[in-house]
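# Fold and geometry: a report
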Amino acid sequence: MWTRFLILLLLALTPQAIISVKQRDLETVYQWKQLVYGFATPADRQHAQSNGYLVPENGTPIDVATHQQAKGSRVFVTIPRFQTGIPYTLAVVSDSNEANGPVLQPYPDYSYHNAHGRDCNKITSAFRVAITECNQMFVIDSGVIGMTQHCPPQLLVFDLNTDTLYHRYRFESSMYVPIASLLITPLVVVQDPPPKGRCRRLHVYIADVTHHGLVIYDSELNTAWRAENKFMYPDPDHGQHTIAGANFILMDGMFALATDQRQLYFHPLASISEYAVPLSVLNNRTMWMDNLEAMPEAFRLVGRRSSECAAQAMDSHRNLYCVTFNPIKLIRWNPSKPYNVKYEIEVPADPQLLEFVSGMKVFKNDAGKEELWMISNRYQKVATGTLTDSEVNFRVVRRPLDDIQSQHPPIQDLSQRLIFT
Ligand SMILES: *[C@@H]1O[C@H](CO)[C@@H](O)[C@H](O)[C@H]1NC(C)=O
């Protein structure tokens, strides 16, 4: 009896008593007034310039991912070809700086980017990326420039140790509708991670933002299938947005994905709802091949937040993060609580740094600690044509999560400890 009481007391005190991490702030890692495109050679620059591919004011970065390895850390950004004038669409941030911001370099090199839709073996328009514990970067290439579907969408896997293309998967025509579809967000779940596993078995979940769907890629079968559900559509009641006082309409559907390795959490952009579906349901290929709208009962409304948000990410403690539009707030929610405005916990952050966060990742640094990385691009200014290069428009920001996580031990760990009482 007393032992039991003491153990419970100890458990109750542990988080505060042992770990006291002071509250963390957002840190701006990079910022740009306008993108600064670097080139490995003067000939590459000349090629871009003389063909009208180098129009810096046309570029808007939308995703960020960071990777740590022995030779140092690297930060990648994507610049989709929403219009022409984008010399390359996947870049790594270099150490050199110019007046408008740090200089980008094409990844893996300029030759992957210089075809602008005329060669589907190259990259046409990289949307978002996912870096796995296997040192691989998954890139979703929509195949679209402006309003033209130049190439089928493809999934590219780069080996980050060698910076070479490790695998390419081209989506078959049944996986998307040219122009109507836009594949934008990959989320990778590795079934056999290192050190024990060999990174052979993984699933990639890819959001089709404009044609209400999800494409699931299975590495073992090297094939893909499609799943659709009513929750993947935009909600017209939330199609008009306000960010930092600017209004715009954006009827984006299926947009942001996150997972706790059991459920896929997702939301359309034009929505205030969060939804979930078990991964095991999505992974059942035969069922989806049979019926594109299978298992509607497996999809559930998780809850509603105070405002729309774009990208989202989940940490290993199952905290789900996103940045609401109006007002601009970095919010956190844990599935142990109901998803509603009451349990939408605000993480203090300067809203100026977070105007439209279109890319968000949880990154494990070399000390094994998780950090939240975000890219903000003031899309409200892009949409309303009010972007000017006299202000900082694009920012990569990071925030350590140890303060939040020390207050909220992982749910699994807690249950394991309680078994001993
Ligand atoms: C996949 O779904 C089919 C049809 O609903 C079911 O019979 C089968 O058991 C499922 N397979 C797995 C591995 O869950």
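Just so you know, these numbers come straight off a predicted model, no measurement behind them. Residue numbers restart at each chain and count upward from 1, following the sequence in its written direction. Reporting in this predicted model follows two pLDDT cut-offs: at least 70 for local features of residues, and 80 or more for side-chain atom pairs to be given and counted; totals over whole chains, interfaces and linings ignore these cut-offs and use all residues. As a convention, hydrogens and water are excluded, and side-chain values are obtained from all of the structure's heavy atoms.

## Brief notes about the overall build of the protein
Numbering of helices and strands runs from the N terminus; a helix is a DSSP stretch of H or I covering at least four residues, while a strand is a stretch of E covering at least two. Of regular secondary structure, the protein possesses 7 helices and 29 strands. Our radius of gyration is a C-alpha quantity, and the globule rule it is checked against amounts to 2.2 Å times the number of residues to the power 0.38. Taking 22 Å as the expected radius of gyration for a compact globule of 421 residues, we find that the protein reaches 21 Å, a close match to that expectation. Dimensions of the protein, computed from C-alpha atoms along their principal axes, come out at roughly 80 × 55 × 45 Å. Burial classification: accessible surface area is computed with a 1.4 Å probe over protein chains only, and a residue below 20% of its type maximum counts as buried, one above 50% as exposed, and the rest as partly exposed. Looking at the protein as a whole, 56% of its 421 residues are labelled buried. Throughout, a contact is declared for two residues whenever any of their heavy atoms are within 4.5 Å. Sequence separation of at least 24 residues holds for 55% of the intrachain contacts in the protein that already meet a minimum separation of 6. To measure how exposed things are, a 1.4 Å probe is used in the Shrake-Rupley method; for residues, cover is taken only from the protein chains shown. Accessible surface for the protein amounts to roughly 18,500 Å². Of this, 52% is attributable to carbon and sulfur atoms.

## Observations concerning the side chain of Thr78
With respect to the helices and strands, Thr78 occurs in strand E4 (residues 72–78). When neighbours within four sequence positions are excluded, Thr78 is seen to be in contact with Thr60, Pro61, Ile62, Asp63, Thr89, Leu90, Ala126, Phe127, Arg128 and Val129.

## Section: the environment of Val341
As for its placement among the helices and strands, Val341 is situated in the loop between strand E25 (329–333) and strand E26 (345–347). For the pair Val341 and Leu250, spaced 91 residues apart in sequence, the C-alpha to C-alpha distance is 23 Å. Setting aside residues up to four positions removed in sequence, Val341 forms contacts with Arg304, Arg305 and Ser306.

## Things to note about unusual backbone geometry
With an omega of -10°, the peptide bond running from Tyr107 to Pro108 counts as cis. Checked against the element boundaries, Pro108 lands in the loop between strand E6 (101–106) and strand E7 (126–131). Asn326 connects to Pro327 through a cis peptide bond whose omega is 0°. Relative to the assigned elements, Pro327 resides in the loop between strand E24 (320–324) and E25. Although it is not a glycine, Asn135 adopts a positive phi angle of roughly 60°. Mapped onto the fold, Asn135 is located in the loop between E7 and strand E8 (136–141). The phi angle at Met295 is positive, at roughly 50°, despite the residue not being glycine. For Met295, the position within the fold is in the loop between helix H4 (285–290) and strand E22 (300–304).

## Focus on the packing of aromatic side chains
Each Phe, Tyr or Trp ring, with Trp reduced to its six-membered ring, pairs with another whose centre is within 6.5 Å; inter-plane angles below 30 degrees give stacked pairs, above 60 give edge-to-face pairs, and intermediate values give tilted ones. Considering all chains together, one arrives at 20 aromatic pairs under this definition. Between the aromatic rings of Phe39 and Tyr110, the centroid separation amounts to 5.5 Å while the plane-to-plane angle is 75°, which identifies the pairing as edge-to-face. One end of the pair, Phe39, is in the loop between strand E2 (36–37) and helix H2 (42–50); the other, Tyr110, is in the loop between E6 and E7, and 71 residues separate them in sequence. According to the relative accessible area criterion, Phe39 is buried, its value standing at 11%. Residue classification places Tyr110 among the buried residues on the basis of a relative accessible area of 3%. One aromatic cluster is present, built from ring pairs that chain together Phe231, Phe266, Tyr275, Trp288 and Phe299.

## Concerning the sheet that holds strand E13 (residues 183–190)
Two strands are said to pair when DSSP picks up at least two bridges between them. Spatial strand order, E13-E14-E15-E16: 4 strands in an open sheet with antiparallel pairing. Each end of this open sheet is capped by a strand with a single partner; those strands are E13 and strand E16 (223–227). Across the sheet, the mean angle from the axis of one strand to that of its neighbour is 20°, orientation sign disregarded. Here 7 bridges tie E13 to strand E14 (residues 202–208), and the two strands are oriented antiparallel to one another. If you follow Pro186 over to E14, its bridge partner there is Ile206. Comment: axis = line fitted to C-alpha atoms, over the contacting stretch for helices; angle = value between 0 and 180 degrees taken between N-to-C directions.

## Quick word on the layout of surface pockets
The volume enclosed by the largest pocket comes to roughly 1,400 Å³. Residue assignment for the lining of the largest pocket shows that the elements contributing at least two residues are strand E3 (63–69), E7, E13, strand E19 (254–259), strand E23 (309–314), strand E27 (357–364) and helix H7 (411–418). In terms of residue count, the dominant contributor to the lining of the largest pocket is E27 (7 residues). For the lining of the largest pocket, the residue count by class is 22 nonpolar, 16 polar and 12 charged. Cavities and pockets are found on a 1 Å grid laid over the protein atoms alone: a cavity is a set of points where a 1.4 Å probe fits but cannot escape, a pocket is an open set with protein on both sides within 12 Å along at least five of seven lines, and a lining residue has an atom within 4 Å of such a point. Grid points are joined across faces, edges and corners, and a volume is the space filled by probe spheres set on the points. Any residue that is not Ala, Val, Leu, Ile, Met, Phe, Trp, Tyr, Cys, Pro, Asp, Glu, Lys or Arg is counted as polar, Gly included; the first ten are nonpolar and the last four charged.

## A look at the nonpolar core
Here, nonpolar core means buried Ala, Val, Leu, Ile, Met, Phe, Trp, Tyr and Cys residues that are tied together by side-chain atoms lying within 4.5 Å of each other. Phe171 and Leu282 are the most contacted members of the largest nonpolar core, which has 73 residues in total. In terms of residues, this core owes the most to one element, E13, which gives 6 residues. Discounting residues that sit within four places of it in the chain, Phe171 has contacts with Ile140, Pro152, Pro153, Gln154, Leu155, Tyr176, Leu183, Ile206, Val215 and Ala224. Of all hydrophobic cores here, the second largest spans 25 residues; its members include Phe39, Ala91, Leu104 and Trp373.

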